[in-house]
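One letter stands for each residue in the lines below.
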Amino acid sequence: AFMVVNIYDTGKPSQLFDENNIDWAPSINLGHEGVPRGSTDRYDRAVQREKHKRRRTEPEPKEICEATTATGTQTELSINEVENLVHSEALHTKEMEELRQKCAQLELDNTRLRAEKEKLSEKITELNEEFFKDDNEKVRFYTGLTNWNLLLIVIQFVQPFLNTCNRSTLPAFQQVIMTLMRLRLGLSGQDLGYRFGIHRSTVSRIFTTVIDVLFNRLKHLIVWPERDVLRRTLPMDFRKHCPEC
């Protein structure tokens, strides 16, 4: 049988460095004889001295309260400061309302400008097949060809060799028309870009492609006059300065 013996006077072990505690480890026999035991009264006196020392070093509750009150008064706002905050909030609200009104007006202006743009786009004449159809005068002015039927034959003859797969490229009819207009009227790439709604670099690319196709498909139709015919039709300046031409 085992017997449980309480070896602590206070009923529990002391803290590690609580040397004044009666149950501190060196004050217990631990199998040694002649070891003096600690006194409970001595331990109580040591505890009281520690409390008294701590009380002298800690501030009074009244001082803590006063310090807290002094700090709190620094965050209090005066009546004037409160009124200024209210006034600032009112100004901010007014400015926000003005900004909302300006935004609403800008949206209305944007809608109006979009509508005007659509109307102007509808008024712009598109140089397509419907514009030239059966109008020999327009065909002669813009392309130099004599009539509508001749223009249509030329376009149908070169159309299979033109690139119309790219979405940004004009239809075959407009590609040929644009090329002939540049040859006939000497229009710039920027002007043709505005007329056909494409970039001037696209105008240059289309013009170069169509010129090559026209040359390869129509070169057998080019007839060079005889030299005597050329001499008879030379301008006077050429006859004067280049008689041997």
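Draft legend 1. Spatial organisation of the overall build of the protein. Regarding its fold elements, the protein presents eleven helices and zero strands. Starting at the N terminus and walking to the C terminus, you meet the elements of the protein as α-α-α-α-α-α-α-α-α-α-α. Once local pairs closer than 6 in sequence are excluded, the contacts in the protein between residues at least 24 apart make up 38%. On the protein, roughly 20300 Å² of surface is accessible, and the fraction owed to carbon and sulfur atoms is 55%.

Draft legend 2. Unusual backbone geometry, seen in detail. Positive phi is not limited to glycine here, since Asp-134 has a value of about 60°. Within the secondary structure, Asp-134 is located in the loop between α4 (129–132) and α5 (136–143).

Draft legend 3. Spatial organisation of a nonpolar patch on the surface. A cluster of nonpolar side chains, Phe-215, Ile-222 and Trp-224, forms an exposed patch at the surface whose accessible area comes to about 420 Å². Structurally, Trp-224 is set in the loop between α9 (200–218) and α10 (227–232).

Draft legend 4. Looking closely at the packing of aromatic side chains. This structure, assessed with the given rule, holds six aromatic pairs. Where Phe-131 meets Tyr-142, the ring centres are 5.9 Å apart and the plane angle is 70°; that geometry is what we call edge-to-face. Separated by eleven residues along the polypeptide, Phe-131 in helix α4 and Tyr-142 in helix α5 bring together distant segments of the chain. The residues Phe-131 and Tyr-142 share a single accessibility class, namely buried. When the centroid spacing of 6.3 Å and the interplanar angle of 55° are considered together, the rings of Phe-132 and Phe-173 count as tilted. Of this pair, Phe-132 sits in helix α4 while Phe-173 sits in helix α7 (residues 172–185), placing them 41 residues apart in sequence. Both residues of the pair, Phe-132 and Phe-173, belong to the buried class. Three or more aromatic residues link up through ring pairs in this structure, and these residues are Phe-131, Phe-132, Phe-141, Tyr-142, Trp-148 and Phe-173. The lysine or arginine in question, Lys-138, covers the ring of Phe-131, its NZ or CZ lying 3.9 Å from the ring centre. Seen from the ring of Phe-207, Arg-182 lies directly overhead, with NZ or CZ sitting 5.0 Å from the centre.

Basis of the calculations
Numbers given to residues run from 1 along each chain, matching the order in which its sequence is written. Whole-chain, interface and lining totals are the exception, using all residues; otherwise, since this is a predicted model, local features are given only for residues with pLDDT of at least 70 and side-chain atom pairs are given and counted only at 80 or more. As a convention, hydrogens and water are excluded, and side-chain values are obtained from all of the structure's heavy atoms. Strands are runs of DSSP state E lasting at least 2 residues, helices are runs of H or I lasting at least 4, and numbering of each runs from the N terminus. Should any heavy atoms of two residues lie within 4.5 Å, those residues are considered in contact. Note on areas: these come from Shrake-Rupley sampling with a 1.4 Å probe, and a residue is covered only by the protein chains present in the view. Each patch is built from residues that are more than 30% exposed by relative accessible area and take part in no salt bridge. Like charges join if they lie within 9 Å; nonpolar side chains (Val, Leu, Ile, Met, Phe, Trp, Tyr) join within 5 Å. Every case where a carboxyl oxygen of Asp or Glu lies within 4 Å of a side-chain nitrogen of Lys or Arg is listed as a salt bridge. Two rings from Phe, Tyr or Trp (for Trp, the six-membered ring) form a pair when their centres sit within 6.5 Å of each other. Planes less than 30 degrees apart are called stacked, planes more than 60 degrees apart edge-to-face, and all others tilted. Note on exposure labels: buried denotes an accessible area under 20% of the residue type's maximum, exposed denotes more than 50%, and partly exposed covers the range between, all computed with a 1.4 Å probe on protein chains only. Consider the ring centre and the ring normal. A charge sits over the ring if Lys NZ or Arg CZ is within 6 Å of that centre and within 35 degrees of that normal.

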